[in-house]
Amino acid sequence: MLSSLSGIGVAMLGGDQRNLLVMQRLVELGATVKVVGLPVSESDRVVVYEDIEHALQGVRAVLLPVPGTDEEGKLHAVYAKDPLYLQPQHLAQLKPGTPLLVGVARPYLRKLVERYKLALLEVMEIDEVAILNSIPSAEGAILLAMQNMPITIHGSQCVVTGFGRTAMTLARMLKALGAHTTVVARSPAQRARAWEMGHRASDLGQLPEVVGRADFIFNTIPAPVLHREVLQRMRPGTLIVDLASAPGGTDFGCAESLGIKAILAPGLPGRYSPRTAGEILADVIPRLLIEAVSS
Ligand code: NAP
């Protein structure tokens, strides 16, 4: 049972539909949410600000959008009229130790958090969230695959690179749709698990041979694994859906020059299943905040 966030001021800067669900849950738990860049109406516990500096005054915690900022500090803020930049002077006004929650932190944000000794919490790195989030991610990847190929997943050859939280769900879903699935992973334990789940399993070193018979390749490895030597071995018409965090694991320029269609597919849960993705966060974030502000 969650205890309350009564009287706790939380700043919510930018975001998308997911943040609206989180905000609602925080308000239900008694928090006062100071919002910038979201289409919400003011109420007893929701205060809307035009600028970040004022929204941060006196708050006990800060909530950033799932993708956080880019390398210039620009916040992901789909509803904001003008771009929102999180600048050093904004974070400088927070007390050291203030919890700052984000999906994934880029180096820009990491540096600032370190400089001002804030408590960074990367929500997407928490197993519970990453595993639940793998469901809309996998469904989104399959949707893109279907939209971009003239064949069914059923009966196709699907290669999934990596076998972590996202890949495991994706490979299972592809198999359930009738695909012939091959998992390529460097970890022997992950390959053993893939085999146990009914997939073919190969070491990363075998990737050039494995891709030669693929119709679909789904990459979840955040490292440059689909490079020229691998791409050259693919058949014309193979589709790559690259889920790995930016810049992905594919040499996109090379793929294009070889006539291989490769799609970088970031943010699938927010794009295709924003309500589910928001509900996952709305379940977890209040608990994290309660723990963080009471520690
Ligand atoms: P994860 O559980 O950590 O799994 C990552 C997988 O990649 C593991 O099999 C890992 O193997 C492998 N890997 C990592 N670095 C590698 C390297 N240098 N060489 C070979 N294998 C490597 O991560 P996840 O939660 O599944 O997420 C995977 C990626 O997808 C991340 O980049 C994440 O940000 C992204 N993602 C994207 C979306 C989207 O909407 N596009 C949604 C969710 C996640 P080891 O265990 O051996 O390291």
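Residues numbered from 1 in each chain as written. Predicted model: local features only at pLDDT ≥ 70, side-chain atom pairs only at ≥ 80, totals over all residues. Heavy atoms only, no water.

Undergrad: Please explain the overall build of the chain as it appears in this structure.
TA: If you tally the helices and strands in the chain, you get 12 helices and 12 strands. Computed over its C-alpha atoms, the radius of gyration of the chain comes to 21 Å, within 12% of the 19 Å expected for a compact globule of 295 residues. Principal-axis analysis of the C-alpha atoms gives the chain an extent of 60 × 40 × 35 Å. Going through the 295 residues of the chain one by one, you find that 51% of them count as buried. Residue pairs at least 24 apart in sequence account for 56% of intrachain contacts in the chain once pairs closer than 6 positions are excluded. Of the roughly 13800 Å² of accessible surface on the chain, 52% is carried by carbon and sulfur atoms. Placing the 28 positive and 28 negative side-chain charges of the chain at their respective mean positions leaves the two points 4 Å apart. (Helix = DSSP H or I, 4+ residues; strand = E, 2+ residues; numbered from the N terminus. Rg over C-alpha atoms; globule rule 2.2 N^0.38 Å. Buried < 20%, exposed > 50% of the residue type's maximum accessible area, 1.4 Å probe, protein only. Contact = heavy atoms within 4.5 Å. Areas by Shrake-Rupley, 256 points an atom, 1.4 Å probe, with all protein chains shown as cover. Lys, Arg positive; Asp, Glu negative; His and termini not counted. Charge placed at Lys NZ, Arg CZ, Asp CG, Glu CD.)

Undergrad: In this structure, what is going on with the domain arrangement of the chain? I would like to understand it.
TA: By a frequent convention, interface size equals the accessible area lost on bringing the separate parts together. The domains assigned to the chain are domain 1 (9-125 + 274-294) and domain 2 (131-264). Taking only C-alpha atoms into account, the centre of domain 1 sits 33 Å from that of domain 2. Facing the five residues of domain 1 at the interface are five residues of domain 2. Considering only the surface of domain 1 that becomes buried against domain 2, Met124, Glu125 and Ile280 emerge as the three largest contributors, covering 70% of it. We note a salt bridge from Glu125 to Arg165, for which the minimum N-O separation is 3.7 Å. Seen at the junction of domain 1 and domain 2, the total is one residue pair in polar contact (both at pLDDT 80 or more). (Domains from an automatic or database assignment. Buried area = accessible area lost by both parts, 1.4 Å probe. Salt bridge = Lys/Arg side-chain N within 4 Å of Asp/Glu carboxyl O. Polar contact = N/O pair within 3.5 Å; in protein donor to acceptor, adjacent residues only side chain to side chain.)

Undergrad: Mind showing me how you'd approach the nonpolar core here?
TA: Nonpolar side chains in soluble globular proteins tend to end up buried together. Core analysis: the largest hydrophobic core is formed by 31 residues, its most contacted members being Leu5 and Leu26. Looking at this core, the elements with two or more residues in it are strand 1 (9-13), helix 1 (17-28), strand 2 (32-36), strand 4 (61-63) and helix 12 (274-294). The greatest single-element share of this core, amounting to nine residues, is contributed by helix 12. Setting aside residues no more than four positions away along its own chain, Leu5 makes contact with Leu26, Leu29, Gly30, Ala31, Pro286, Leu289, Ile290 and Val293. One finds Phe216, Leu239, Val241 and Leu268 within the second-largest nonpolar core, a separate group that totals 27 residues. (Core = buried A, V, L, I, M, F, W, Y, C linked by side-chain atoms within 4.5 Å.)

Undergrad: Mind showing me how you'd approach the site of the ligand here?
TA: In the neighbourhood of the ligand, 22 residues make up the surrounding shell, with Thr166, Arg186, Gln190, Ala265 and Leu268 lying closest. With respect to the ligand, the side chain of Gln190 contributes an N or O atom lying 2.8 Å from an oxygen atom. Out of a free accessible area of 920 Å², the ligand has 74% covered by protein chains. Listed by contribution, the elements that provide at least two residues to the shell around the ligand are helix 6 (165-176) and helix 11 (268-272). (Near = heavy atom within 4 Å.)

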